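Residue-level structure breakdown
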Amino acid sequence: MKLYDQIFDVVKQFKKLFSPGPVTNADVSGSITAEIFLIVSLVLSAILLRHVNVLLAGLVTFILAIVLISNIPLIPKFKIEQEDSLEKMIFYAVVTLSIIVVFMYWGGNLV
Amino acid sequence: MLEFVLCIIIVLSAILALIQKDLLKAAILTGFSGGALAVLFQILLAPDVALTQAIVGAAIVPVFIALAVQKTQREDS
Amino acid sequence: MNELIPLMVIVPLIAALLISAFSKFNKVTKIFAFVVAICLPLIPLLSNYGLHYFGGYEPILDNVTSFVYHPAITYSFTFLQQIFIAMIGLLTFLVIFVYLTKYKEVSGPYLFLLFLGTAAVTAMLLTDDIFHMFVFFEILALAQVGIVAASSIDYSYEMALKYMILGSIGSPIMLLGIGFLLALTGSVNVTDIATAVHNGLVDATSPVFLTSLGLIFFGWLYASGLPPFHTIKSGIYSKAEPHGAALLQSFTVISMISIVLIMHRIYSTLPIFEVLIVFFSILAMILGVSMALTQTDFRRMIGFLAVGELGFIGLGIGLGTNYAITAGLFQALNEIIITALLFIGFGAIVNATNEVDTRKLGGLLAYHPKVSLMLLIAGLAMAGVPPLSGFQSKLMLVQASLNCGFPEISILAIMVSIATFVVFVKTFYVMFLRPKPKELEVEGKEVPRAMIFAMGILLILVIGLGLFPDVVVNGISSFVGGIL
Amino acid sequence: MAQTQLAILLTSVALVVIGLYAAIFVDNIIKKIIGISFIEEGANLFIVAIGYKAGGVVPILMPGMDTSWFASNAAYPLPFGLVLTSIVIGASTLAVMLALVMVLYRRYGTLSTKVMLADTSKQEEYNE
């Protein structure tokens, strides 16, 4: 029953997402759609790993699904990370740059 | 030998410019870095680039920064 | 008439400079801008296909290695360039037309920025020289910042400064990548670099070559607004004037495809290249659409959707077959048209109500039936409903990924289309169908005729390309066959 | 003279890293812009170092020079031409950024990035 309660708690948490201002049913249903879409699409794209290794793909998909579902609601967390303050944008840009460069220099031939 | 000294000047003045509390000093140190870069370009057999860098890096950019500092505030709070 | 090829860049550049110099003569400026804007789509349609060497320096044949070297900056003009330049010219014309009819006193600097951006993307598409492309890429970034900062929307300066700071991280990194390539091959001409790479003069598995791909790829991420730059890209769309945003998104799409085609010609032998592009495209689709579902500001929502749609283009190019790249480029053409239509249409709504929050809107169908109908069709086209143009390109993409043996990507693409559809149905209901809130004041303002005209022309293109996709697809397909 | 080239490459890497550090960790916006301009300088220095030839001559053909000797001894001039453009672009970008900062300072009265360039939905309190 814990998961059930958690899912119902999601709707309450969405209220904070739209403050200040009223919360309409269209917004909440949109957010729930986004929530489901996010989980399903991330899990689905994890299946793409099967072209590397089937066992790895199964393991990663399973773990990702458990982690994502037990952490709902995800959308408020994702939205905080993607707000438009310069600090967060620069941080993610530089992190991406360093990951790309390190990965290309040492692991570019592995694929 | 000169090029090693210039490299050290460039990196050192870049670091010093970023830890200054006074923004006007930071502007001047940027000019130091740009000017040293211009001399380094001359050593690297690029006199045309050195001339441009000397004008842009050692004069125009610090003046722009100093103007911006004058219009805003001088100390880094 | 091959002499027309450089004119495609020179005409908007000269017009931009003249307008900014003589902007105090209001009427003359208006007429001049209008005439130049009409010329822009006509020049590429009249010009012949071919190559243009600046300064007349023809390619040199090296007798020892029997390779051809290109000493001049080369512009190559084929069907792909023709269709995209004509489209950007048409869009510039429509945007300038909307702008000129909206204001009595036109601002010279703003027209300067619009023409400068057009010239920059045209040069990026035409050029065969990677550094030339970089220079115009920087000019384009400055023009984009100017267009955002010139708008009268709250916080537009902040957004412009953020975009500029991120840009001054992204562009030098790309310059470093170009420097790596220059160090390896000694040339900046893409054809020469590609010849050197494909003939084994450069070790394609060396870490330096791979790092150059990583650095240029990062610059491409910034240029096209894929993650991690999707927030800033959608931000600048939402802070620009609606007609400016319509042009900004087309700049983004064209700079994206011009850089990725150059990267594809150089790095297509590396398997990691396609993996990188597909990874970031999938990320863009997921993040863009899921963020669009939660937005309450509808300009921001279209911004995120535009970023999500960019993922489809990247997907097509990342899959790497002839059919897939054709689908990606066709999707790029469709996206330019559809997103421009959406931005102009929602701009008309902002114009009429002065409200951007979807929670405070409603019941607008009775007031603006024409605009709402056109927006509905555009939204359906973006979501991929037959027989509109978005459907054709997305169907091609789904088929291409099935043919490549990636059914997961097909399912993902269909899911993203469905989520886009949900966004539109939700927004359309909230803005047009539900009862009007009491606080909302619709002061019976008419939507400007020029906006309706611009939307009408774009709508004809959407429906036309949906019914007869072969007009464009065959030409693009033969172009793609040439570069593979 | 490989040492010279190595030292210069290290310097350009150091400039890029200093710039990236400043982009993340420095709060003052003017200092952040100064730091970011170092990335551009590092890239320029790297490209000039490509064209450098140890023990070579400046790539300007003087009257009376032997052409074949010049061709084998001169530095490679193409990167120098590219850097010229890049320097000017960098300076103009910097000027536009500083101009935007001056406009924004009038509204916020501070140079802190955390205040000036925060999330727009949280900036309502600073708007007059």
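For clarity, every value in this text was computed on a predicted model and none was experimentally measured.

Topic: the overall build of chain C
In terms of helices and strands, chain C carries 18 helices and four strands. A principal-axis box enclosing the C-alpha atoms of chain C has dimensions of 80 × 55 × 40 Å. Here the contacts in chain C between residues at least 6 apart in sequence split such that 80% fall between residues at least 24 apart. For chain C, the accessible area works out to roughly 15100 Å², and carbon and sulfur atoms hold 68% of it. Across chain C, 21 positive and 24 negative side-chain charges occur, with their mean positions spaced 16 Å apart.

Side note on the overall build of chain B
Each helix and strand counted, chain B has three helices and zero strands in total. Overall, the C-alpha framework of chain B stretches about 40 × 20 × 10 Å when taken along its three principal axes. Within chain B, the fraction of its 77 residues that count as buried is 52%. Charge-centre separation for chain B: the mean point of 4 positive side chains lies 13 Å from the mean point of 5 negative side chains.

Comments concerning the interface of chain A and chain C
Taken together, the contacts link 42 residues of chain A with 52 residues of chain C. With both sides pooled, the region where chain A packs onto chain C buries about 4200 Å², and carbon together with sulfur makes up 77% of that total. Of all residues in chain A, Phe37, Gln82 and Met104 of chain A bury the most surface against chain C, accounting for 17% of the area lost on that side. Counting every contact that joins chain A to chain C gives two salt bridges. Its salt-bridge partner being arginine 50 of chain A, residue glutamate 408 of chain C comes within 2.4 Å of it at the nearest N-O pair. Linking chain A with chain C are five residue pairs in polar contact (both at pLDDT 80 or more), by the criterion used here.

Description of helix α4 (residues 108–126) of chain C
All names here are of chain C. Spanning 19 residues, α4 covers 27 Å between terminal C-alpha atoms, matching the ideal 27 Å at 1.5 Å per step. In terms of burial, α4 is largely enclosed, as 17 of its 19 residues are buried. Capping the start of α4, serine 107 holds a side-chain oxygen 3.2 Å from the backbone nitrogen of tyrosine 110, two or three residues further along.

Points about the domain arrangement of chain C
Residues and elements named next belong to chain C. According to the domain assignment, chain C contains domain 1 (1–257) and domain 2 (270–484). Summarising the inter-unit geometry, the C-alpha centres of domain 1 and domain 2 are found 23 Å apart. Of the residues lining the interface, 43 residues belong to domain 1; the matching set on domain 2 comes to 42 residues. Here domain 1 packs against domain 2, burying approximately 3800 Å² in sum over the two surfaces, 87% of which is carbon and sulfur. Where domain 1 touches domain 2, the interface holds zero salt bridges. At the junction of domain 1 with domain 2, the criterion picks out four residue pairs in polar contact (both at pLDDT 80 or more).

Basis of the calculations
Residues numbered from 1 in each chain as written. Chains lettered and ligands numbered in written order. Predicted model: local features only at pLDDT ≥ 70, side-chain atom pairs only at ≥ 80, totals over all residues. Heavy atoms only, no water. Helix = DSSP H or I, 4+ residues; strand = E, 2+ residues; numbered from the N terminus. Contact = heavy atoms within 4.5 Å. Areas by Shrake-Rupley, 256 points an atom, 1.4 Å probe, with all protein chains shown as cover. Lys, Arg positive; Asp, Glu negative; His and termini not counted. Charge placed at Lys NZ, Arg CZ, Asp CG, Glu CD. Buried < 20%, exposed > 50% of the residue type's maximum accessible area, 1.4 Å probe, protein only. Buried area = accessible area lost by both parts, 1.4 Å probe. Salt bridge = Lys/Arg side-chain N within 4 Å of Asp/Glu carboxyl O. Polar contact = N/O pair within 3.5 Å; in protein donor to acceptor, adjacent residues only side chain to side chain. Expected span 1.5 Å × (residues − 1). Domains from an automatic or database assignment.

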